[in-house]
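The lines below spell out each chain.
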Amino acid sequence: VQLQASGGGLVQAGGSLRISCAASGRTFSKTNMGWFRQAPGKEREFVAAISLSGRSTNYADSVKGRFTISRDGAKNTVYLQMNSLKPEDTAVYLCALDQSDIPYASSRLAAYDYWGQGTQVTVSS
């Protein structure tokens, strides 16, 4: 299984960015997907997740109402649309794959079996 994240960059506070994660090596329709982030000196934290069907999503309180997770089965890709970005959103964003066949948008790190390399998102004030 490979996860390739892309789309990160530098954006001003209040701006928007969409990051992507392309998955390969497993039937995409049978995987739950998640986004996590890690800032320097901080622990990895949950951002958003989407179930294998796409019908269920889950968000951290800190991003609820600003971020939207979605998936495109035809492209084997999961997206994270980030609006109203804040400097505290600055981090490396990592996508993760949960190979369970049970549809569930988990916020737990331990639920995910594979991790991508991450993409840097920097929000300037």
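Predicted model, so just to flag it, every value in this text is computed and none were measured.

Participant: How should I be thinking about the sheet that holds strand β7 (residues 67-72) in this particular structure?
Facilitator: Think of a sheet as strands paired side by side through backbone hydrogen bonds, with each pair either parallel or antiparallel. Taken in spatial order, the 4 strands make up an open sheet running β1-β3-β8-β7, and their pairing is antiparallel. The two strands at the open ends of the sheet, each matched to only one other strand, are β1 (2-6) and β7. Here the strands of the sheet are splayed against their neighbours by 15° on average, with no regard to which way each runs. Examined bridge by bridge, β1 and strand β3 (residues 17-24) share 5 bridges and lie antiparallel to one another. From the neighbouring strand, Ala5 faces β3, where its bridge partner is Cys21.

Participant: Explain unusual backbone geometry here, please?
Facilitator: Excluding glycine, a negative phi dihedral is what most residues carry, and trans is how most peptide bonds are arranged. Even without being a glycine, Asn76 presents a positive backbone phi close to 50°. Residue placement: Asn76 occurs in the loop between β7 and β8 (77-82). Positive phi is not limited to glycine here, since Ser84 has a value of about 50°. One can find Ser84 in the loop between β8 and β9 (91-98). Assessed through its relative accessible area of 41%, Ser84 is described here as partly exposed.

Participant: Where do I start with the pairing of β3 in this structure?
Facilitator: Regular strands show a simple pattern: their side chains alternate between the two faces of the sheet. The sheet contact formed by β3 and β8 spans 6 bridges and is antiparallel. Across the sheet, Leu17 pairs through a bridge with Met82, a residue of β8.

Participant: Please explain the pairing of strand β11 (residues 119-124) as it appears in this structure.
Facilitator: Alternating residues of β11 divide into Thr119, Val121 and Val123, all buried, and Gln120, Thr122 and Ser124, none buried. With 4 bridges joining them, strand β2 (residues 9-12) and β11 adopt parallel strand pairing. Note on β11: the bridge partner recorded for Gln12 is Ser124. Where β9 and β11 come together, 3 bridges link them in antiparallel fashion. Counterpart to Tyr93 in the pairing with β11 is Thr119.

Participant: Sorry, what's going on with the packing of aromatic side chains here?
Facilitator: Given two aromatic rings, one states the distance between the centres and the angle between the planes to describe the pair. Per the counting criterion, the structure on display carries 4 aromatic pairs. Centroid distance Phe36 to Phe46: 5.6 Å. Interplanar angle 70°. Geometry classified as edge-to-face. Here Phe36 is found in strand β4 (residues 32-38), whereas its partner Phe46 is found in strand β5 (residues 45-50), with 10 residues between them in sequence. Judged by its relative accessible area of 0%, Phe36 falls in the buried class. The exposure class of Phe46 is buried, given its relative accessible area of 13%.

Participant: Please clarify how the state of the cysteines should be interpreted in this entry.
Facilitator: Here, disulfide denotes a covalent bond that connects the sulfur atoms of two cysteines. As enumerated under the stated definition, the model contains 1 disulfide in all. Here Cys21 is linked by a disulfide to Cys95, with a sulfur-sulfur distance of 2.0 Å. In this structure the cystine formed by Cys21 and Cys95 twists about its S-S bond by roughly 55°; its chirality is therefore right-handed. You can see Cys21 sitting in strand β3 and its partner Cys95 sitting in strand β9, a full 74 residues away along the chain. Judged by relative accessible area, Cys21 falls into the buried class, the value being 0%. Given a relative accessible area of 0%, Cys95 falls into the buried group.

Reading the values: the criteria
- Residues numbered from 1 in each chain as written.
- Predicted model: local features only at pLDDT ≥ 70, side-chain atom pairs only at ≥ 80, totals over all residues.
- Heavy atoms only, no water.
- Pairing = 2+ DSSP bridges.
- Helix = DSSP H or I, 4+ residues; strand = E, 2+ residues; numbered from the N terminus.
- Axes fitted to C-alpha atoms, helices over the stretch in contact; angles between N-to-C directions.
- Buried < 20%, exposed > 50% of the residue type's maximum accessible area, 1.4 Å probe, protein only.
- Phe/Tyr/Trp six-rings, centres within 6.5 Å; stacked < 30°, edge-to-face > 60°.
- Disulfide = S-S within 2.5 Å.

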